[in-house]
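# Examining the three-dimensional arrangement
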Amino acid sequence: MTDLVVRRLLVDMEAPIARHWCDGDAFRTALFNALSMSFPFGEQFFIDSVRNGAKLLPEHQQERFRKEVQGFIGQEATHRRLHSLYNGHLDKLGLVNHWEPRAKKRLDLLAGADPRHCVAITAANEHFTAILADWMLHNAHLFGDSDERLKTLWLWHSAEESEHKCTAFDVYQALGGSHEWRVTWMRRVTVFFLGDVIRQTVNNLYHDGTLFKWSTWKSAASYLFGKRGLVRGNYKAWREYFRPDFHPSQQDSAASVRWLAENSNAFVPVAA
Ligand SMILES: [Fe+2]
Ligand SMILES: [Fe+2]
């Protein structure tokens, strides 16, 4: 069991967000803004799925998961609250969130399905989030230094994603979820996630007026396909999820532990 601490982040999310807050780079800003747009809705779905899944466990198992699930819900609820404030600033910048209504429609199709499907979808998304988080923690320079507040927000969120990466997976296993469905949902989630993140990033760049600039595409090529880029740097970790004996704890979380230890002045632990 993982001991999950809920932390109140000491950042001012009321202050407005600059148009190119991420190191003055239009592409990176648009990409992180797109991810932020998916969180309030997505993380509510993760909370509901894990909470509902845990309720279906036999009583002795429920007791085993009680504290961890509580910590998971507390962490995700804090993330979605801060990202809702963040997204409010993006609305004022003229960006339009198309990801959320699209995902909502898709999830309506799950009404009445076996709750383990929702837990499997959550576990797949959490794997994605955990590898992205580890990549961000290892490449913190990509946030630049022009907005320390948002840099802290992203790294704190990353550290906690890495910290709770086993919860949905373990609930799914405890519910007797099959390997076949686990990897099937990973394949589907991958297609939807990549499609959504690309479409929202392009849309953000369009509204920002930087979609057709050479510098935008140069930055995209380097941060996606460069040596330490998002795609090249994470493919192997993503692929491991398909192994029958995979468990999220097999992947390193040292960067998360280190960030939380070195930045304890950035947050206050609260009860879950
Ligand atoms: Fe989160
Ligand atoms: Fe998460």
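Read on for a plain summary of the structure. Every value quoted in this text rests on a predicted model; they were computed, and no experiment measured them.

Reading guide: rules and limits
Residues numbered from 1 in each chain as written. Chains lettered and ligands numbered in written order. Predicted model: local features only at pLDDT ≥ 70, side-chain atom pairs only at ≥ 80, totals over all residues. Heavy atoms only, no water. Salt bridge = Lys/Arg side-chain N within 4 Å of Asp/Glu carboxyl O. Helix = DSSP H or I, 4+ residues; strand = E, 2+ residues; numbered from the N terminus. Buried < 20%, exposed > 50% of the residue type's maximum accessible area, 1.4 Å probe, protein only. Donors = N, O, S within 2.8 Å, 3.2 Å for Na, K, Ca; no water. Phe/Tyr/Trp six-rings, centres within 6.5 Å; stacked < 30°, edge-to-face > 60°. Lys NZ or Arg CZ within 6 Å of the ring centre and 35° of its normal.

The next thing to look at is the pattern of salt bridges. Oppositely charged side chains can pair when the atoms bearing their charge come close. Scanning the model with the defined rule gives 16 salt bridges in all. A salt bridge links lysine 104 to glutamate 100, with the shortest nitrogen-to-oxygen separation between them at 3.3 Å. Of this pair, lysine 104 and glutamate 100 are both found in helix H3 (residues 99-108), four residues apart, which corresponds to roughly one turn of the helix. Residue glutamate 100 is classed as partly exposed on the basis of its relative accessible area, which comes to 22%. Residue lysine 236 pairs with glutamate 240 through a salt bridge whose shortest N-O separation is 3.9 Å. Note on lysine 236: relative accessible area 64%, which makes it exposed.

On to the coordination of the iron ion (ligand 1). Six octahedral donors around a metal ideally subtend angles of 90 or 180 degrees, whereas four tetrahedral donors ideally subtend 109.5 degrees. Protein coordination at the iron ion (ligand 1): the donors are Glu43 (OE), Glu76 (OE), His79 (ND1), His157 (NE2) and Glu161 (OE), at 1.9 to 2.3 Å from the metal. Accessibility expressed as a relative area gives 3% for histidine 157, which makes it buried.

Before going further, it helps to spend a moment on the packing of aromatic side chains. This model, assessed by the stated rule, comprises 17 aromatic pairs. Ring centres of tryptophan 238 and phenylalanine 242 lie 5.1 Å apart, and the angle between their planes is 70°; on these two criteria the pair is classed as edge-to-face. The exposure classification of tryptophan 238 matches that of phenylalanine 242, with both residues buried. Clustering of aromatic rings is evident, with ring pairs tying together Trp21, Phe32, Phe39, Tyr86, Phe143 and Trp154. We note arginine 7 situated over the ring of phenylalanine 267; from NZ or CZ to the ring centre the distance is 5.4 Å. Over the face of the ring belonging to tryptophan 185 we find arginine 188, whose NZ or CZ atom lies 4.7 Å from the ring centre.

Moving on to the coordination of the iron ion (ligand 2). All of the protein donors around the iron ion (ligand 2) are Glu76 (OE), Glu126 (OE), Glu126 (OE), Glu161 (OE) and His164 (NE2); their distances to the metal are 2.0 to 2.5 Å. Here the donor residues of the iron ion (ligand 2) are spaced in sequence according to E-x49-E-x34-E-x2-H. The iron ion (ligand 1) is placed at 3.9 Å from the iron ion (ligand 2), the two being bridged by glutamate 76. Taken together, the positions of glutamate 76 in helix H2 (residues 59-92) and glutamate 161 in helix H5 (residues 148-163) put the pair 85 residues apart, joining distant regions of the chain. A residue is classified by how much of its surface remains accessible, and glutamate 76, at 0% relative accessible area, is buried. On the basis of relative accessible area, glutamate 161 is assigned to the buried category, the value being 2%.

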